[in-house]
Each structure stands twice: as C-alpha cells, then as structure tokens.
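Residue strings, one per chain:
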Amino acid sequence: MSATPVRRMIKPLTEPSTKHAVGRLAGSLLAVAVLAAPTDAGARVSRAKRAAPAAATVAVDYGINLAGLPIGTARLAGSFDRDRYMMDVSAVLTGLVGAITGGKGSARASGSFSAAPQPGAFAIATQTASSGIAVRMALAHGNVVQAEITPPLIDMQDRVPVTPANKRGIIDPVSALLMPTQGRGEPLDPENCNRTLPVFDGATRFNVVLSYAETRPVQKPGYAGPVLVCNARYQAVAGHRPDRPGVKFMEENREMSVWLAPVEGTRVLIPLRISVLTTIGTNIIEATRWSQSGTPTTTGTAGAAGTGVAGNSVAQASLAGQ
C-alpha cells in the first residue's frame, strides 16, 4: 500500500449524462456493498493461542429495490469473536439495470470493537461494464495509516480538500454497518440510534447522524422480533464538491432511515432494512433471509459513542454529485 495521503475524489463510475443515470445509481449501491481486505494476522495468531468460545456468525440476504422495482441482491456475513469482528458484503445488480451496468462488487472490513468499531483493514472493489474502482486502507485506533486507490484519483479543483485531520477518528463504510450497544447495553435501548458516525471511504469524509424514530415488530425468514428504526442524515465534511446538485440533495434529504436488529449472543446490531430517497426514486435494501449460529461471550462495556448505519446512504453520498 502507498502511504500517500488521499486528497482527491474517487473517479466516477460512469459518465455524468442522463443516459448513465442508472449507472451512477448502480455504482452508489455497489459502493456500500464492497470491500475485501485481509484479516489482521496477529489477531488470528492470538485467537489460535487461546481457548475461546465459537464465534457468533450472522448471514443476511437482502433484496435491492428502486422505486418499487427489484434491481439486485446483496449479502452480509459477519463473524464476532469476543471483541473482534470481520464482515463481508457482496452485491450484484440484476435485470435491466444489471444488463446495462454489469454492476457487481465484494467487500470486507475487520477489526475490534468496544463502544464503537475500531477497524484495522478496509477495502472496496466495485465493477461495472465500463470501469472499476478498488480502495484499500489500513487503520490504527481509528486513524488511517495507509491508503491506496486504483485507478488513480482525478484532481477536481472544486472539491473540498481532505486534510490529515479528516482521516483521524473515523470508521470505514462497512464497519459503519456494525453498531455496538451503548447506554445501558440493552440491544433495543433507543439510545442505540442516537449517535453520529464519522465515515471516511478513502476519498470523502462525511458524517451520518442517526436519531431514534420508533421500535417496531418485524417478521422475516429467520428473524422475528422488534427492531430499532433510526432516522439518518448526511453531513458532508471533505472530499466532496459542495456546489453539485447531488451533494446538496443528500444534505437536505430527510427521507433516510435504517432498521437495526440485534445479533443474538453479541452486543451488536446490524441493518435489517435501509431506505434512502434518491433523485430517481426511493432505494430500499431489505433483508429477505436472516440466519445465525454461535453464542460467544462478549467482553468490554458499552459506551456513549458508537457507529452504525446507512451503508447505502453512505455510498449514495460519496458518489452523488460527481
């Protein structure tokens, strides 16, 4: 990996024309889903040396719908071993959108967590029929120490520069899907919604501000029970182009939410449903099946700061105004 600071925006996945509007949305949807970085080798050795309970695992299949039409599928697989996690996400666009864009991707993030995730490795790889992007980052204590983007970034003079300070105290978009409990440590405590997520995707820095909306019952294959419904807001910080209509749309967007479901045997929640209003309709990523195994003993105490959500809004916001 190169240690060169990342100060420019990721190259657009598609050309900015009406003809490619669907393609730009496809890139946004894939960017949430897609990372592949190696698990920390030292952590694997450490776990091998101790007799630990079996890791809790969860796998969630999602359907992706835009304006009521199915356009793809996604899958999240997470493993939680005491205070360590690894999460893999994959997505593919199908039907007409898939035929037009050829969109697909895969992703991984890994690290440790207490009150919030502390990612150690993050990567993203997305591909459409016309282009692809790969991002890899290494982090320590919430700070980016190395980053690499392929192909090289294009320099746009109207972008807000990303400073070294913008790359400290952050989480990556995939780790942002993992939300440790906070407050009293109860999974369905409304306080688990009330937090701000400081996200850096390798090129742009933004906040996702969550707030509690309601608690509601949900029944899906493999999951039946209450979930937390959190409202979400996007705040651009750096790496964006402030005058672009897409950026302004996302900053003013009041129609974003996430449903969070607890992973049994852990003190974490993950999204069951993500809903984001876009300029061409409401995009919904919703679980179609939930499966789980293992019941590890978790460690650490719940704290006041946290992470969590809106992977799709994260991706939309990152690519929206290009």
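Keep in mind that what you see is a predicted model, and the values were worked out from it rather than measured.

Attention shifts here to the packing of aromatic side chains. Within this structure, the stated rule accounts for 3 aromatic pairs. Aromatic side chains Y85 and F113 sit 6.4 Å apart centroid to centroid with 55° between the ring planes, which places their arrangement in the tilted category. You can see Y85 sitting in strand 3 (residues 84-93) and its partner F113 sitting in strand 4 (residues 104-113), a full 28 residues away along the chain. Centroid distance F206 to Y234: 5.7 Å. Interplanar angle 50°. Geometry classified as tilted. Residue F206 is found in strand 10 (residues 205-220), and its partner Y234 is found in strand 11 (residues 223-238); the two are separated by 28 residues along the sequence. This pair shows no difference in class: F206 is buried, exactly as Y234 is. Cation over ring: R273 sits above W259, and NZ or CZ is 4.8 Å from the ring centre.

Turning our eyes to something else, we now look at the environment of V276. Residue position: V276 is located in strand 13 (residues 268-278). C-alpha separation for the pair V276 and L66, spaced 210 residues apart in sequence, amounts to 9.6 Å.

As for its placement among the helices and strands, P152 is situated in the loop between strand 7 (143-150) and strand 8 (179-180). Placed 18 residues apart in sequence, P152 and A134 show a C-alpha to C-alpha distance of 9.8 Å.

Residue P151 is bonded to the preceding T150 through a cis peptide linkage, with omega at 0°. Relative to the helices and strands, P151 resides in the loop between strand 7 and strand 8. Positive phi values are uncommon outside glycine, yet A67 reaches one of about 50°. Among the structural elements, A67 can be located in the loop between strand 1 (56-66) and strand 2 (69-81). Residue R82 is not a glycine yet carries a positive backbone phi of 55°. As for its position among the elements, R82 is in the loop between strand 2 and strand 3.

Calculation criteria
- Residues numbered from 1 in each chain as written.
- Predicted model: local features only at pLDDT ≥ 70, side-chain atom pairs only at ≥ 80, totals over all residues.
- Heavy atoms only, no water.
- Phe/Tyr/Trp six-rings, centres within 6.5 Å; stacked < 30°, edge-to-face > 60°.
- Helix = DSSP H or I, 4+ residues; strand = E, 2+ residues; numbered from the N terminus.
- Buried < 20%, exposed > 50% of the residue type's maximum accessible area, 1.4 Å probe, protein only.
- Lys NZ or Arg CZ within 6 Å of the ring centre and 35° of its normal.

Taken by themselves, the reported measurements are silent on function.
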